[in-house]
Amino acid sequence: KSQHISNYILGAHLFSQAAGIYQVLSGLQNDFFNNNYPHLAFVGYPFVFLWGPTFYFYVKSITFKDFRLKPIHILDILPFVALLLFFSFTFYFYSGVTKKLILNDSSYLFFSHHVLIDSLLRLQILYYVIKSYQILFTVQKSIKDNYSSTSELHLSWLTFVIVGYSACYLISIAFIYTEFYLKDFNRWLFLGNFFQFFIFFTIIFFKGWNHPEIFKRIPEK
């Protein structure tokens, strides 16, 4: 119970991933959602900008015993807040009829800048993945002379989380940009993209089920 902040952050990360997956999968059925449930459009999109920060916060929370969420960390979620406010003022609070018109308007600001927003998302995730690797290298260096089973377990877990997530990120980039050249197979590419994340998070679940101690912070200072 004393390690609850790490679990809350991991929960927030998994929720943001799920919201993003919902957004993409509903986008594959956009005609159905746009015509019948316009209020569900864009609901999950702002949360994709929490992928990078929450992942990085989780890595820090299981690495540093004195880690706390501070007001300064609000800066890390500014893209999420900005997109949430944008949709709130330009979409969320409108009627269903107006939303249908917006969803079919190619000049809507989000549609005209979608590629730019997606590129910023990829750069943001890359930034936090690099910062997570910096933490991993610091941990490896600081406990290289400590051969306790607990330290080795935490180090292997930290390595798996960071390397696994970055591998999923790189594969995701490959899926996304391949989609531009194989338009006929975009549904399978999208599903394959998220299936790899499903495998990654399923491994996290079963690792945590069999070895709950890995969700505690590294015991050394």
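For the structure itself, look to the data block above.
What you are looking at is a predicted structure, and each value in this text was computed from that prediction instead of being measured. (Residues numbered from 1 in each chain as written. Predicted model: local features only at pLDDT ≥ 70, side-chain atom pairs only at ≥ 80, totals over all residues. Heavy atoms only, no water.)

### Section: a nonpolar patch on the surface
Residues L116, L120, L123, L126 and I130 make up a contiguous nonpolar surface patch of about 450 Å² in total accessible area. Tracing the chain through its elements places I130 in helix α7 (residues 114–142). (Patch = residues over 30% accessible without salt bridge, like charges linked within 9 Å, V, L, I, M, F, W, Y side chains within 5 Å. Areas by Shrake-Rupley, 256 points an atom, 1.4 Å probe, with all protein chains shown as cover. Salt bridge = Lys/Arg side-chain N within 4 Å of Asp/Glu carboxyl O. Helix = DSSP H or I, 4+ residues; strand = E, 2+ residues; numbered from the N terminus.)

### Considerations on the side chain of Q196
Assignment of secondary structure puts Q196 in helix α9 (residues 186–210). Relative accessible area serves as the criterion here: at 11%, Q196 is assigned to the buried category. Side-chain polar atoms of Q196 contact the backbone oxygen of C168, separated by 2.9 Å. When near neighbours in sequence (up to four residues on either side) are disregarded, Q196 contacts A167, C168, I171, S172 and F175. (Buried < 20%, exposed > 50% of the residue type's maximum accessible area, 1.4 Å probe, protein only. Polar contact = N/O pair within 3.5 Å; in protein donor to acceptor, adjacent residues only side chain to side chain. Contact = heavy atoms within 4.5 Å.)

### Quick look at helix α4 (residues 78–92)
Among all positions in α4, only F80, L83, F86, F87, S88, F91 and Y92 are buried. Contacts made by the buried residues of α4 are with α5 (96–103) and α6 (109–112).

### A word on empty space enclosed by the protein
Where empty space is left becomes clear once a probe the size of a water molecule has been rolled over the atoms. One pass over the structure, following the stated rule, counts 2 cavities of 30 Å³ or more. The space that makes up the largest cavity amounts to roughly 70 Å³. Forming the boundary of the largest cavity are L10, H13, F55, Y58, W157, V161, Y165, F200, F201 and I204. Every element with two or more residues in the lining of the largest cavity is listed here: α1 (4–27), α3 (51–63), α8 (149–179) and α9. Residue composition of the lining of the largest cavity, by class: 9 nonpolar, 1 polar and no charged. Empty space within the second largest cavity amounts to approximately 40 Å³. Lining the second largest cavity are W51, R122, I125, Y165, Y169, S172 and F197. At the level of secondary structure, the elements contributing two or more residues to the lining of the second largest cavity comprise α7 and α8. (1 Å grid on protein atoms, 1.4 Å probe; cavity = no way out; pocket = protein on both sides within 12 Å on 5 of 7 lines; lining within 4 Å. Points joined across faces, edges and corners; volume = space filled by probe spheres on them. Nonpolar A, V, L, I, M, F, W, Y, C, P; charged D, E, K, R; others polar.)

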